[in-house]
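Chains, contacts and geometry: an overview
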Amino acid sequence: MISAPSAFTTANAALVKQPIVVITIAGYSRVLTQYPTGVTGHYDWIESIEDLSVNVAGSDLDGGADQAQLVFTVQDHARLITADMPGFVFEGKQVTLKTGFPGTAPVPYTRIQSTGGGSTLKYYYDAGVSLLGVSYRISAIVKNQGATAITVATNFFGATTVIPAGSGFQVVTMLVTGDGGTDVQLRFQTNASGDSLDVLAYDPVIAKVSDGINLIPLARRDFSSWNTFSGAAMTLTQLPEDFATLFTGAIDHIDVANFGQSYVFNCVDNKELLNEVIYQTGDDGNPTDNDHPHTLNAHPLDILMNIFTTIGVSYDSTGITDFRDNVFGGLQFSFILTTAPTAKDFIEQELLKPLGGYLWTNNLGQFRVNFFYHMSAASVSSLTAADTLEVPDATQADLVNVVTVRFDKGGGSVDVSSTRDNNSDKFMAEDTELFQPSVDKYGQFGQQIIESQGMRSSLQGYSQAKLLARWIFLRYGLKTQQLSDVGLIWKACLLEPGDIIDLTNAFIPDRTAGTVGITGKLFEVMDRTWDFTTYTVKLTLLDASFLANAFGGGHLGPPLIAPNAEADYTAASTLDKGKYMFLCNTSDQYSNGDPGRGLG
Amino acid sequence: MPTFTLSSIPGFADQPDTTLAHDKTALGIKLGRINANASFGMARLEVFGAGIYHDGDTVPLPVSTIDGYVYSRAELYYLWAPQNTGNPASNWVSAGAPWTLWYLAYKVDQVTGLVSCAGGYRGNQDHKDRQMQTQDGVLQVWIIAQRQRSSLVVAGGPAFTYHADSAFATDKPLTEALAQAMNQSAKVGVINSEVIYMGEFAHGATVPQPVSPADGHTYSYAECLFATCLRWTMDSDGGARPTPRSRTSRRAN
């Protein structure tokens, strides 16, 4: 699930809301929105944003995901974007799309607190002596979360704005005319000298109306190192924005639309970078080919991270490392490559497909791997009929109850006169697994063939093949219930492929139970589409209720390895009996007759 | 013949102990890896033989009778001994009187499995100018097969710990110490016995201490047994193969 600030989550829980989208282009002075945020440098010129989707269903078995481009259309307001083009190259620049709501901060902000002081004036910035007859605009976006009203002021008489306690963010703008003697300032004041100040603020501006140039230096726009007055003790806390990041990518190209009145920005995620050809050099330094193979002998997930590092792309190392060290602890693949592959093909086909994983790009533009194996059955979100736009269609996923894994490439009795084992395209080992309960019901169906150059029978290839088949059967082995393109309110915008959610809906038929209505049923998020016109979300959900059984009903969690001092089962505490793994007898019982717990 | 068979080919995984620390999830996958390592340790090193081969033969890839695993060429070493120094077709010398056996040269290429045999003859005292090269020789070849012979990686130098069966009785907790000891002991079973090809040596040379390709362990001589094969009849103390010379070349010398 996409992480988001609490202010965003709170605002997103409301049924009635107006999502704001902010698109930032790295190095470009204009931030584009479809809503007037009031923030300096934000321009509400976005006309439309096309639906943005990531599709996993059907691609996961091939180790990857289909991800669409971010496409948005921007009005060339007063031809200003055109005017920017000679001085700024858009193509290749990083693009970030964030979303939030009115009343939440679209940029990082500062909490300004004061105690004590002998005056109502607590904190201010002084831009120097005003010029005679020159108009100045003094502004900030401020939220008063203190117990008493505060005043945002200049030091020109009458140019003040009172903000009551408990207000939301509001734009405060004051205009003054310089007199050639008074300093132009932006001030934070309390009503009484003994009051404390507690405000959230961003985007402070002191500028001549004529040129709009902010006289507050960039380094001071976070309110740091401003002036305190009359002994007030100030505390500043810098806080991140309240918006959630939905997309990070790069501009691929810009089209024109609306008879030249608009520009269409086409943005790609970083998967394009994986088109790079890797392992171009054999072990002996010559170009990789039949006579100059490139060998690899390492953990497949270490190979994966090494590729990411070599190419120089960002990836979510935490999740990959966790799987490397636990579920796939000690696994080793051994490749003898006689041709240089593209990174994408190699990663998806040779590293992730045999592990039951798929590659996709997350909201931060990082490569991420989801595995069929789930470390936890914990639901990240509870959805009900109130969150859906219509009754979801309960369909079925494609059935797979036969899995064949081929490995040991060129490792056997091929060309015995050869000095190498790599001069054959044959796979010398093959393991075919049937999901018998499914085969008994439906017959053999949907055979998946996975060919791995790196898996070796002498490196637990057979074990991995059987595990992989098991994971695929749990996912697709029994005509798994699939809810396709479930329309949901924007509340669901933070869900990602691989997330486990629980769904309650009285109108969805449950074919397993033979009844209508499901309650708290676990599903895995597969496909996701953001609709930026209606601000709704479409999800394809795959039944994952097997997880509830795999993890002891979804609340106990799998047993853990015990500390060395742990007592035998009958002497262990009730807590430890439920927490740790104990050995049981051949009847799956402990000595006191309690049922034995299975391994995770 | 092995006294056991395995229904599935086991393999090795260098599962780190940290995976088995307390409060880590007790996954069946983790114990499965230990089990597979233990099985792999029983099957990793196999000796096949002895086959009879002569010059030009290639020793075929063996198939494990334990689990049907087909070995790759890179997993094999060969030991040999002469079964017969004669012509493979006749089992007698290719050259009759007045020839006498001069030298032998045998080899099974450790990389390709190609068998090479050579036998040289020369005349007796009364026919000193006669020399004859042949491919005489029949070898008995033993195959030393080690799965993942040089690509196995074991980190950290695992140690064996004895556990009585009572440690695995009903109600016993699966503790970190127990799980890690099983993990390490299974790995020890994999690399406890290794066969390492050391090369060709002549009189006076010292075979260096072998180093395990799996974990870098340098074996002491006390931990080693050396097996030798007849390579060739030496021409001199330098270990060079004897070279039949023509009369011209002999004069030139």
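Parameters and conventions
- Here the residue numbers are simple positions, counted from 1 along each chain's written sequence.
- Chain letters start at A and ligand numbers start at 1, both assigned in the order the entries are written.
- Totals for whole chains, interfaces and linings use all residues, but because this is a predicted model, local features are given only for residues with pLDDT of at least 70 and pairs of side-chain atoms are given and counted only at 80 or more.
- Hydrogens and water molecules were not included; the side-chain quantities draw on all heavy atoms of the structure.
- Whether two residues touch is decided by their heavy atoms; if any such pair falls within 4.5 Å, the residues are in contact.
- Note on terms: buried area is the combined drop in 1.4 Å-probe accessible area of two parts once they are placed together, counting the loss on both.
- One speaks of a salt bridge when a side-chain nitrogen belonging to Lys or Arg is within 4 Å of a carboxyl oxygen belonging to Asp or Glu.
- Polar contact is defined as a pair of N or O atoms within 3.5 Å, subject to the rule that within protein one atom must be able to donate a hydrogen and the other to accept it, and that residues adjacent in sequence are counted only when both atoms are side-chain atoms.
- Secondary structure elements are defined from DSSP: runs of H or I of at least 4 residues count as helices, runs of E of at least 2 residues count as strands, and each element is numbered from the N terminus.
- Put simply, Ala, Val, Leu, Ile, Met, Phe, Trp, Tyr, Cys and Pro go in the nonpolar bin, Asp, Glu, Lys and Arg in the charged bin, and everything else, Gly too, in the polar bin.
- The span expected for a helix works out to 1.5 Å for each residue beyond the first.
- Each residue's exposure class comes from its accessible area (1.4 Å probe, protein chains only) as a fraction of the maximum for that residue type: buried when under 20%, exposed when over 50%, partly exposed otherwise.
- We call a set of buried residues a nonpolar core when its members are Ala, Val, Leu, Ile, Met, Phe, Trp, Tyr or Cys and they connect through side-chain atoms within 4.5 Å of each other.
- The quantity known as pLDDT measures the predictor's confidence residue by residue, on a range of 0 to 100.
- Ring pairs are drawn from Phe, Tyr and Trp, using the six-membered ring of Trp, whenever the two centres fall within 6.5 Å, and their geometry is named by plane angle: stacked under 30 degrees, edge-to-face over 60, tilted for the rest.
- Should the NZ of a Lys or the CZ of an Arg lie within 6 Å of a ring centre and within 35 degrees of the ring normal, that charge is described as sitting over the ring.

**Some words on the interface of chain B and chain A**
Counting from both sides, the interface comprises 53 residues of chain B and, opposite them, 55 residues of chain A. Both sides of the chain B and chain A interface together cover about 4,100 Å² of buried area, and 54% of this is carbon and sulfur. The interface formed by chain B and chain A holds 1 salt bridge in total. Lys172 of chain B is the salt-bridge partner of Asp568 of chain A, the closest N and O atoms lying 3.2 Å from each other. Summed over the shared surface of chain B and chain A, the number is 26 residue pairs in polar contact (both at pLDDT 80 or more). Counting only elements with at least two residues in the side of chain B that touches chain A, the list comes to helix H1 (28–43) and helix H2 (176–191) of chain B. When the residues that make up the side of chain B that touches chain A are grouped by side-chain class, the tally is 27 nonpolar, 15 polar and 11 charged.

**Some points on helix H3 (residues 300–311) of chain A**
Residue and element names in this part refer to chain A. In this model H3 runs 17 Å from its N-terminal to its C-terminal C-alpha over 12 residues, within 8% of the 16 Å that 1.5 Å per residue would give. Every buried residue of H3 is accounted for by Pro300, Leu301, Ile303, Leu304, Met305, Ile307, Phe308 and Ile311. Positive phi appears at Gly312, one or two residues downstream of H3, with a value of about 90 degrees.

**Looking at the nonpolar core**
Residue and element names in this part refer to chain A. Core analysis: the biggest nonpolar cluster contains 79 residues, and Leu301, Leu304, Ile307, Phe308, Phe328, Phe346 and Ile347 have the highest contact counts within it. The dominant element in this core, judged by the number of residues it contributes, is helix H7 (residues 461–476), at 8 residues. Contacts of Ile347, omitting those with residues within four sequence positions, involve Leu274, Leu304, Ile307, Phe308, Leu352 and Leu359. Ile251, Cys267, Ala394 and Phe532 belong to the second largest nonpolar core, which has 50 residues in total.

**Section: the confidence of the model for chain B**
All names here are of chain B. For chain B, the average pLDDT comes to 87, and 91% of its residues sit at 70 or higher. Least confident of the elements in chain B is helix H3 (residues 247–252), whose mean pLDDT is 30; most confident is strand S6 (residues 138–146), at 96. Here residues 245–253 is modelled with pLDDT under 50, and outside its nearest four sequence neighbours on either side it reaches 5 contacts, counting other chains as well.

**Re the packing of aromatic side chains**
Each aromatic ring pair is described using two quantities: the centre-to-centre distance and the angle formed by the ring planes. For the coordinates displayed, the defined rule picks out 40 aromatic pairs over all chains. Ring centres of Tyr221 of chain B and Phe226 of chain B lie 6.4 Å apart, and the angle between their planes is 40 degrees; on these two criteria the pair is classed as tilted. With relative accessibility at 40%, the residue Tyr221 of chain B sits in the partly exposed group. These aromatic residues form a ring-pair network of at least three members: Tyr28, Phe72, Phe88, Phe90 and Phe265 of chain A. Over the aromatic face of Phe88 of chain A sits the side chain of Lys93 of chain A, whose NZ or CZ is 4.9 Å from the ring centroid.

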